[in-house]
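Read off the chains here:
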Amino acid sequence: MFNAIVAAVIVAVFGLGCYAVGAKYIPRYQEQRAQQKQQEEQSKTVSDVMKEKSLTLDEFKTEYGIPADTEVTEDQTAMSLTGSMTMEGYAKYEDMTLEELREKYGLSEDLAADTPWQEAVNSMPVGIAAQEMFGMDFETFKSQMPGADSITEDMTWGDANKIIEAAYAAQQAQQKDDSSAASDTESSPSPDAAADSGKDN
């Protein structure tokens, strides 16, 4: 009886140990798999999608709402064309319904199904855009973006992007001015050097 109890305790402890190891490494593995899957999706070509869906090139463009006059080649990445897709087309590309797409990205019902996806992205709330496009929460996003103090979580990505671009441009201009000022300072002779030069003459 005693041996049976000891055996049961050993099995229980071993099980807890395995659980602890699993709890530590499974999330890391899941994160790595998610990153790998994302990389695979980003590198998938038009040709890959055509084969998966049994589509011709023209059918590919029609399926995802890409304008007929858009130049598309089979070796392009499909991801590079998402901005040319309609909302409905992008929903299909992501294997979602249009309503699921609206819910996931916080998009208004006022946006029609044939709205270009890039236009829809600009109407996405910043909080959701930060998570979906940059993989970070809103506070982390704010801490890393120039001009972010005036950005709110429910502001549209289009409006926020204008603020970020303007702040970045101002930052670059300031750095250029600072660099020019430093260069001028280095090239100008010091007062002592100028005085010594005068003595020599």
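Below or above, wherever it landed, is the structure these notes cover. (Residues numbered from 1 in each chain as written. Predicted model: local features only at pLDDT ≥ 70, side-chain atom pairs only at ≥ 80, totals over all residues. Heavy atoms only, no water.)

## Digging into the overall build of the protein
Phase 1 of the analysis: Helix and strand counts for the protein come out as 10 helices and zero strands.
Phase 2 of the analysis: The N-to-C order of helical and strand elements in the protein reads α-α-α-α-α-α-α-α-α-α.
Phase 3 of the analysis: Considering the protein as a whole, with its 201 residues, one finds that 26% of them fall into the buried category.
Phase 4 of the analysis: Considering only intrachain contacts with a sequence separation of at least 6, the fraction spanning at least 24 residues in the protein is 42%.
Phase 5 of the analysis: As presented, the protein carries roughly 13600 Å² of accessible surface, and 52% of it is formed by carbon and sulfur atoms. (Helix = DSSP H or I, 4+ residues; strand = E, 2+ residues; numbered from the N terminus. Buried < 20%, exposed > 50% of the residue type's maximum accessible area, 1.4 Å probe, protein only. Contact = heavy atoms within 4.5 Å. Areas by Shrake-Rupley, 256 points an atom, 1.4 Å probe, with all protein chains shown as cover.)

## Remarks on the pattern of salt bridges
Pairs may arise between side chains of opposite charge once their charged atoms sit close together.
Phase 1 of the analysis: Within this structure, the stated rule accounts for five salt bridges.
Phase 2 of the analysis: Here Lys44 ties to Glu52 by a salt bridge, and the two come within 3.2 Å at their closest N and O atoms.
Phase 3 of the analysis: Using a relative accessible area of 15% as the deciding quantity, one classes Lys44 as buried.
Phase 4 of the analysis: Of the charged contacts, one joins Lys104 and Glu132 as a salt bridge, the two residues approaching to 3.9 Å between their closest N and O atoms. Linking Lys104 in helix H5 (residues 98–105) with Glu132 in helix H7 (residues 126–134), this pair joins segments that are 28 residues apart in sequence. (Salt bridge = Lys/Arg side-chain N within 4 Å of Asp/Glu carboxyl O.)

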